[in-house]
Amino acid sequence: MTPVSDKAFAIMAVCPEAKKYYGITVDPLRKDAYKFVWAFKIDKEKATREGYASRRVHGSVELDTEYTGCPYCRSYQNVFCSCGAVVCWHGERVFHCPECGQTGEVSTVSSVDLHGGGF
């Protein structure tokens, strides 16, 4: 398992196929750049208690070479909804957010807003 810095934090994500939440460990690489290191199953209520939405950052995201993707569907790809949700993506052209209900066409972005904390 890839070691992480003391600045690492966790964010919540959701798998629409399994209809379950999971955490993603995020490690800062440099200013405005982050790395998804590993994903893990976690109960949404526990993540809320541990402050997984208490920190907000903005920047680009890359995947660690050992990142295994969603612990349920194994997708390595995510959609970042404007509501802040991080959701597994399976190549759909039109995305429906399971968190806020928004629907829209998927596009590529160079940076995203992440909401995380606790770890």
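This text goes with the structure placed above it.
These numbers were taken from a predicted model, which means no experiment stands behind them. (Residues numbered from 1 in each chain as written. Predicted model: local features only at pLDDT ≥ 70, side-chain atom pairs only at ≥ 80, totals over all residues. Heavy atoms only, no water.)

Peer 1: I'm lost on the side chain of aspartate 27 in this one. Help?
Peer 2: Structurally, the position occupied by aspartate 27 is in strand β2 (residues 20-30). At 5.0 Å, lysine 35 is the nearest oppositely charged side chain to aspartate 27, a buried residue that forms no salt bridge. Contact partners of aspartate 27, with chain neighbours within four places excluded, come to Pro3, Val4, Ser5, Lys7, Ala8, Tyr34, Lys35 and Val37. (Helix = DSSP H or I, 4+ residues; strand = E, 2+ residues; numbered from the N terminus. Buried < 20%, exposed > 50% of the residue type's maximum accessible area, 1.4 Å probe, protein only. Lys, Arg positive; Asp, Glu negative; His and termini not counted. Salt bridge = Lys/Arg side-chain N within 4 Å of Asp/Glu carboxyl O. Contact = heavy atoms within 4.5 Å.)

Peer 1: What exactly am I supposed to notice about the pattern of salt bridges here?
Peer 2: Should their charged atoms come close, side chains of opposite charge can pair. According to the stated counting rule, one finds five salt bridges in the structure shown. With a shortest N-O distance of 3.9 Å, lysine 46 and glutamate 50 are connected by a salt bridge.

Peer 1: Help me understand the packing of aromatic side chains, please; the structure alone is not making it clear to me.
Peer 2: Ring pairs (aromatic) are described by centroid distance and by the angle formed between their planes. Following the criterion strictly, the structure yields five aromatic pairs and no others. Taken together, a centroid distance of 6.1 Å and an interplanar angle of 75 degrees make the contact between phenylalanine 9 and tyrosine 34 edge-to-face. Of this pair, phenylalanine 9 sits in strand β1 (residues 9-15) while tyrosine 34 sits in strand β3 (residues 33-41), and the two are 25 residues apart along the sequence. The exposure class assigned to phenylalanine 9 is buried, which follows from its relative accessible area of 2%. Judged by relative accessible area, which is 8%, tyrosine 34 ranks as buried. An angle of 70 degrees between the planes, with centres 6.2 Å apart, marks the rings of tyrosine 67 and tyrosine 76 as edge-to-face. A relative accessible area of 44% places tyrosine 76 in the partly exposed class. Connected via pairs of aromatic rings, a cluster forms that spans Phe36, Tyr67, Tyr76 and Phe80. (Phe/Tyr/Trp six-rings, centres within 6.5 Å; stacked < 30°, edge-to-face > 60°.)

Peer 1: Explain the nonpolar core here, please?
Peer 2: Soluble globular proteins tend to bury their nonpolar side chains together. By size, the foremost hydrophobic cluster in this structure holds 17 residues, and its most contacted members are Ile11, Tyr22, Ile24, Val26, Phe36 and Leu114. Those elements that provide at least two residues to this core are β1, β2, β3, β6 (86-88) and β9 (112-117). Top contributing element to this core by residue count: β1, with four residues. (Core = buried A, V, L, I, M, F, W, Y, C linked by side-chain atoms within 4.5 Å.)

Peer 1: Explain the environment of aspartate 64 here, please?
Peer 2: Considering the arrangement of structural elements, one finds aspartate 64 in the loop between β4 (55-63) and β5 (78-80). The spatial distance from the C-alpha of aspartate 64 to the C-alpha of valine 26 is 9.6 Å, given a sequence separation of 38 residues. Apart from the residues within four sequence positions on either side, aspartate 64 is in contact with Thr2, Lys35, Phe36 and Val37. Polar contacts involving the side chain of aspartate 64 include one to the main-chain amide nitrogen of glutamate 66, which spans 2.8 Å. (Polar contact = N/O pair within 3.5 Å; in protein donor to acceptor, adjacent residues only side chain to side chain.)

Honestly, that's just the spatial picture; any functional story needs more than this.
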